Amino acid sequence: QVRLVESGGGLVQPGGSLNLSCVASGNIFNVFSVYDMGWYRQAPGNQRELVAVIGSGGSTSVAHSVKGRFTISRDNAKKTVYLQMMSLEPKDTAVYYCWRGPVVGSRYDNSAVWGQGTLVTVSS
């Protein structure tokens, strides 16, 4: 079964930058390029919220709260999705989760897959 492993989280100062990576591994029925990929985050006491998504065709969409500051990208050859975060604010503090979307009509990949998460803390 496919596994998603995030890396790159840590402590940064307000106004700083941080880059997250998510690598997919394990047996995957479809090639990586088929999947929609994304990043979610969850702060203490809050619901998990969508941060950014990137489609199988490369189109991207980001949440209003991070628009202009965060950029999502992917490298299909490396089976990796990235999140570049700039101008970080304390409100960005959360556990960030990698997400792989389901493939509608697929025999094996008809449900979403989540990573374990990586903690991002923005503080002076």
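Along each chain, the written sequence defines residue order, and numbers are assigned to residues from 1. Reporting of local features is limited, given that this is a predicted model, to residues whose pLDDT is at least 70; pairs of side-chain atoms are given and counted only at 80 or more, and all residues count toward the totals for whole chains, interfaces and linings. Think of the side-chain values as coming from all heavy atoms in the structure, minus any hydrogens and water.

Novice: Describe the overall build of the chain, with residues and values.
Specialist: Helical segments are the DSSP runs of H or I of at least four residues, strand segments are the runs of E of at least two, and each set is numbered from the N terminus. Helix and strand counts for the chain come out as 0 helices and 11 strands. Walking the chain from its N terminus toward its C terminus, one meets helices and strands in the order β-β-β-β-β-β-β-β-β-β-β. The quantity called the radius of gyration is restricted to C-alpha atoms. Its globule counterpart is 2.2 Å times the number of residues to the power 0.38. Relative to the 2.2 N^0.38 estimate, which gives 14 Å for 124 residues, the radius of gyration of the chain is 14 Å and therefore close to what a compact globule would have. Across its three principal directions, the C-alpha atoms of the chain cover 50 × 25 × 25 Å. Throughout, exposure labels follow a simple rule: accessible area from a 1.4 Å probe, protein chains only, divided by the maximum for the residue type, with under 20% read as buried, over 50% as exposed, and the rest as partly exposed. Every one of the 124 residues in the chain was classed for burial, and the buried ones make up 39%.

Novice: Before we move on, can you summarise the pairing of strand 8 (residues 80–85) with the specific residues and values?
Specialist: Strand direction decides the pairing type here: strand 3 (residues 18–25) and strand 8, joined by 6 bridges, are antiparallel. Paired with Ser21 across the strands is Tyr82, a residue of strand 8. Two strands are counted as paired when DSSP detects at least two bridges linking them. Bridge count between strand 7 (residues 70–75) and strand 8: 6 bridges; the pairing is antiparallel. Bridging across to strand 8, Ser73 finds its partner in Tyr82. Hairpin geometry of strand 7 and strand 8 is characterised by an intervening segment of 4 residues between the two adjacent antiparallel strands and by a positive phi of about 50° at Lys79.

Novice: Any chance you could break down the side chain of Asp109 for me, citing the residues and the numbers?
Specialist: Structurally, Asp109 is set in the loop between strand 9 (94–100) and strand 10 (113–114). Within the structure, Asp109 has its side chain in polar contact with the side chain of Tyr35 (distance 2.4 Å). Contacts described as polar in this section are N or O atom pairs within 3.5 Å, which, within protein, must combine one atom able to donate a hydrogen with one able to accept it, while residues neighboring in sequence count only if both atoms come from side chains.

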